[in-house]
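Coordinates in review
The chain contents come next:
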Amino acid sequence: MCGIVGYIGQREIKSRLIEGLRELEYRGYDSAGIAVMQDGHIQAFKAVGKLKNLDEKTKDFETKGLGVGIGHTRWATHGKPTELNAHPHMGEYSYVVHNGIIENYREIKEELEKEGVVFLSQTDTEVIVHLFEKEAERHDGLFEAFKATIDQLDGAYAVLLVTQKAPDTIFFARKGSPMIIGRNGKGEIFFASSDAPLIGEAEEVAYMEDGTIGYVTSERIHVEPDNLTFVPLAGDKLTAQKGGYRFFMEKEIYEQHEVISDTMIGRVLDDEIVFEEMDDTFLEGISRIKLCACGTSYHAALTSSYLFERQAKMPVNVEIASEFRYKEPLLTKDTLFIVISQSGETADTLEALKMAKAAGLKTLAICNVDNSSIVRLADVTILTRAGIEKGVASTKAFATQVMVLWMLTLFFAKKRNTIGAFEMKEKLRYMSYVPKVLQKSLEVHEKCKRLSKRYLHGHGFFFIGRDIFFPLALEGALKLKEISYLHAEGYPAGEMKHGPIALADAELFTIALMPKTLLYDKTKSNVEELSARDATILSISPEMFDLADDFILTHPHKHPMLEFFEMMIVEQLLAMEISIRLGNDVDMPRNLAKSVTVE
């Protein structure tokens, strides 16, 4: 998730771009850059790290008079955070910024290299500017060349391009990634990834639909199809950053179907999983897996342990990093050591990774932040592509971790010949449904909001589930604890008889995860035992359960992971709505930090 801005006007261009990027820095802060064109001459500046570094680099640069400019703040998905990989990317006479992922960039790059094009970066974006300049040689008009370029891109993109051959013009295209165009009565035109940079600058804005393509000058806006509808722009910058949601956490819950698509793009194909990060020799000599993580990431690891053993037929051990460090673990070189961390700076997980490296194990990191300490240390890293998560209680980071791990199980299964071609295609088909499942799951939000008022008292919560729904129960309990400050515990449903059921009474709330695709009758039996002892039952299931005091009906699915992702959303929404009713700060709960960088 990156942020882009564009400007055409008479005012000082650099300031417009950098101030706009400042409002988008929550979308990415690996690197930033701008390109400014006046009188047919382009100057570009890039800097690694936060925007203040670009500020410092451009402190002596300013413009006067009419000009155009584009800018970008980056959250790395392809290529390390370096100046070469920072946007804007340049051709011989053009510059481009892009938010999204070009799924077929490798194929385009190979073709362009055959034609003699030299690439400077590791990014997917650079193919756009070189492809445009090749198409410009084949077409009479630059807009026709730009359309031909966009037609060849698969994936998600919001693109702004400037070229010395049209010095007063910005070309733009949007598919899958957000982009807004704004204007005011001073003849100025603005582009941005969200409302925030436009507040106080543009008087009215148009929210581009997928498939929108066009160009602007100071005198006209040309768009195809001609479907831009400008509306007045109002509001404050913080509200705009939240996208109109009450909290960042709510926004991030609603973004999950989009970030899961980003996680999958270019990796989930019709008949296989592709991880360009790993070569064919990576699994040689590996016969077992050890996963190590903390908190929510530990729950993602625990979920995957069921999948690895079931699908890839590999023995799996899951460790809590803070415990692993001091247990004097036995580490054998036939073990792949996988660490999971949202930030890449989790202290205990980082130290566990160092222990595995010292023991000579192959290491794999699953992380959301490129160039973090864990990423730099691990042999191989798979980025989750969740984008910046501002809410302390993790939502989309967990969803993308689980998705990457699910993808890994199928990737390993194919390498180990434990899955056939037909079964692989079927699994991938179900996997491709996940973004739609996540989007449709949001329909239960109003039900969660209404039910939340019934769960503000009592002496605690049990979240129960079986198989992969046991780690999901742990995660649901953690979400509720983190933001509501109510006591909650996650348990395997079958463990109720082994002690916890002693707590059951009318003031104990049981959140029962009851998927139809996995051990439904077993879970139902466990819930009946709790109901017989007068526990208050909230069932989350696609099937009505007579003994439930409350229920949230989910959609019927044919694969347990589809039910998993839908129930994940329900847990997140319910925890958030209970917390809001209690008057808590959902985004910044007490005593917690987003990244735990100390023991």
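Attention here is on the structure that accompanies the text. (Residues numbered from 1 in each chain as written. Predicted model: local features only at pLDDT ≥ 70, side-chain atom pairs only at ≥ 80, totals over all residues. Heavy atoms only, no water.)

1. Considerations on the pairing of strand β7 (residues 155-163)
Among the 9 residues of β7, 9 are classified as buried, and the element is accordingly described as predominantly covered. Side-chain alternation along β7 places Gly-155, Tyr-157, Val-159, Leu-161 and Thr-163 on one buried face and Ala-156, Ala-158, Leu-160 and Val-162 on a second face that is also buried. Hairpin remark: β7 followed by strand β8 (residues 166-175), antiparallel, with 2 residues in the connecting loop. (Buried < 20%, exposed > 50% of the residue type's maximum accessible area, 1.4 Å probe, protein only. Helix = DSSP H or I, 4+ residues; strand = E, 2+ residues; numbered from the N terminus. Pairing = 2+ DSSP bridges.)

2. Remarks on the environment of Pro-225
Tracing the sequence through the fold places Pro-225 in the loop between β13 (221-224) and β14 (231-232). Under the relative-accessibility criterion, Pro-225 is labelled partly exposed at 47%. Between the C-alpha atom of Pro-225 and that of Gly-211, which follows or precedes it by 14 residues, the distance is 8.0 Å.

3. Some remarks on the sheet that holds strand β1 (residues 3-9)
The antiparallel open sheet is built from 8 strands, whose spatial order is β3-β2-β4-β1-β10-β9-β11-β14. In this open sheet, the two edge strands, each paired with only one partner strand, are β3 (41-48) and β14. In the sheet, strand β11 (residues 204-207) pairs with β14 via 2 bridges, with the strands oriented antiparallel. Its bridge partner being in β14, Glu-204 is matched across the sheet by Pro-232.

4. Points about the sheet that holds strand β17 (residues 335-341)
Strand pairing in a sheet is mediated by backbone hydrogen bonds. Such pairs are either parallel or antiparallel. Here we have 5 strands laid out as an open sheet, ordered β16-β15-β17-β18-β19, and parallel in their pairing. Of all strands in the sheet, those bounded by a partner on one side alone are β16 (316-320) and β19 (380-383). Going from strand to strand, the sheet's axes swing by 20° on average, the running direction of each strand aside. Here 5 bridges tie strand β15 (residues 288-293) to β16, and the two strands are oriented parallel to one another. Within the sheet, the bridge partner assigned to Ile-289 lies in β16 and is Val-316. (Axes fitted to C-alpha atoms, helices over the stretch in contact; angles between N-to-C directions.)

5. Things to note about the pairing of strand β4 (residues 67-74)
In terms of burial, β4 is largely enclosed, as 8 of its 8 residues are buried. Neither face of β4 is exposed, since Gly-67, Gly-69, Gly-71 and Thr-73 on one face and Val-68, Ile-70, His-72 and Arg-74 on the opposite face are all buried. Of the pairings in the sheet, the one linking β1 to β4 comprises 7 bridges and is antiparallel in character. Along β4, the bridge assignment pairs Gly-9 with Gly-67. Bridging between strand β2 (residues 31-38) and β4 involves 7 bridges; their strand directions are antiparallel. Counted as the bridge partner of Ile-34 is Gly-71 from β4.

6. Comments concerning the layout of surface pockets
Leftover empty space is mapped by rolling, across the atoms, a probe with the size of a water molecule. The calculated volume of the largest pocket comes to roughly 1,200 Å³. Lining the largest pocket are 49 residues, with Gly-176, Ser-177, Pro-178, His-257 and Glu-258 positioned closest to its centre. Those elements that place two or more of their residues in the lining of the largest pocket are β6 (94-102), β7, α6 (237-241), α7 (248-254), α8 (256-264), α14 (421-432) and α15 (434-441). For the lining of the largest pocket, the leading source of residues is α8, giving 6 residues. (1 Å grid on protein atoms, 1.4 Å probe; cavity = no way out; pocket = protein on both sides within 12 Å on 5 of 7 lines; lining within 4 Å. Points joined across faces, edges and corners; volume = space filled by probe spheres on them.)

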